[in-house]
Each structure stands twice: as structure tokens, then as C-alpha cells.
Amino acid sequence: PTETIVSSGPVDQSDQGNSSPNSSSLRDRDATDYAYYFRSVQWPLVLMLFGFATAQTLCYYMSQVVLKWWAADHDANEATWFPTYIILATGNAVLYGWTAWTMFLKLVPESASNLHKTLLDVVMNAPYSFFTKTDAGTIVNRFSQDMTLIESQLPTGVLCTLIYVLWTGGSLALISTGSVWMV
């Protein structure tokens, strides 16, 4: 087994082609990668991301609940339901934008900077034997590929995972309010 230059743990190069997308070791690596990614940024930004995403999910699903109640009211209190629905729908859109803003304009630059520094420190402090055994082009290529993944694919994956986990919880809550036997 060999280790990558910077990783959250040892990576066995021999089994990378043999892992199925559903294997437990791949899922464990994904969770470890996400945890390592979040450790590279300040906690207030992470909490802000989770807060905006949670509030967006609440606005999204509460607007559906309000719409259900409005329909059940047979337009008797339209002056109450319409502004409530508009506030929740607007909150959903604004909070979704704030979630994306927090992720891509606050978290990504900070994490990229911190992870770039960590990777650079590891490479600069590598033993001389590492440089004699490894081609310089390989190091530069690996450095470039890792930073591209950290700055583009990983943040998108983190944001999608966060939103889909929250939406799953919101969907379960919404289903449980509509099904008597689930309560």
C-alpha cells in the first residue's frame, strides 16, 4: 500500500480500480473526506452554511404545508394565507441563494487556501528520497488535480449532499403530517 501526498488516511492504490461505487470502504472515504474538508474552514462559516440550508428547507416545506392548509380552508382566509405563503416562498429563494453564497464565496476560498497550504507544506517537508523517486511532473500534475477537485467538485458534492439530506428529512416530516398512521 502507498500513501498519497496529502490524504485523510492511507490510500491503497491497488484496490482503487476494484472498488464498486457502493462499497463500504468508498463510503467511509467519502465521509472522511467531508470531515477533513469541514475541518479546513472556520466553524462559524460551517454553522452559517448549515443554518441557511436548514432555514431554506424549513421555508420550502412549510410553504407546502401552508398551501395545504390554505386549500383546506376553501379560500376563507385568503388575506392570511397569501402573505404567509409569499413570505415562505421568498424566504426559500433568498435562503437558497445565501446557502450557495456561503458555500461558494466564503467556504470554498477559505478551504482551498487552507488545503493548498497544507498540501504545499507536506510537499515542501517531504524527505529528499520522495523527490528522487517521484518525477517532478507527477508532483505538479497531482498538485494541480487535487486543487481542482478541492475547488470545484468537492464543494458541489458537499452542498448537494447537505441539501439532499435536509430535503429528505423535510420530506419525511411532510409525509408524516399527511399520513395518520405514520404519526
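Residues numbered from 1 in each chain as written. Predicted model: local features only at pLDDT ≥ 70, side-chain atom pairs only at ≥ 80, totals over all residues. Heavy atoms only, no water.

Structural notes on the nonpolar core
At step 1: With 19 residues, the main nonpolar core has Y37, L49, M103 and L107 as its most contacted residues.
At step 2: Per-element tally for this core: the top contributor is helix α5 (residues 136-178), with seven residues.
At step 3: In contact with L107, other than residues within four places in its own chain, are Y37, V41, L45, V46, L49 and T102.
At step 4: With seven residues, the next largest nonpolar core counts C59, W70, W81 and L88 among its residues. (Core = buried A, V, L, I, M, F, W, Y, C linked by side-chain atoms within 4.5 Å. Buried < 20%, exposed > 50% of the residue type's maximum accessible area, 1.4 Å probe, protein only. Helix = DSSP H or I, 4+ residues; strand = E, 2+ residues; numbered from the N terminus. Contact = heavy atoms within 4.5 Å.)

Topic: the confidence of the model for the protein
At step 1: Looking at the protein, pLDDT values average 82 and 83% of them are 70 or higher.
At step 2: When pLDDT is averaged over each helix and strand of the protein, the minimum, 77, is found for helix α1 (residues 24-39) and the maximum, 93, for helix α2 (residues 43-72).
At step 3: Within the model, the stretch residues 1-19 combines pLDDT values under 50 with 24 contacts to residues more than four positions away or in other chains. (pLDDT = per-residue confidence, 0-100.)

A word on a nonpolar patch on the surface
At step 1: On the surface, a cluster of nonpolar side chains totalling about 290 Å² of accessible area is made up of W101, F104 and L105.
At step 2: Of note, L105 is situated in helix α3 (residues 78-124). (Patch = residues over 30% accessible without salt bridge, like charges linked within 9 Å, V, L, I, M, F, W, Y side chains within 5 Å. Areas by Shrake-Rupley, 256 points an atom, 1.4 Å probe, with all protein chains shown as cover. Salt bridge = Lys/Arg side-chain N within 4 Å of Asp/Glu carboxyl O.)

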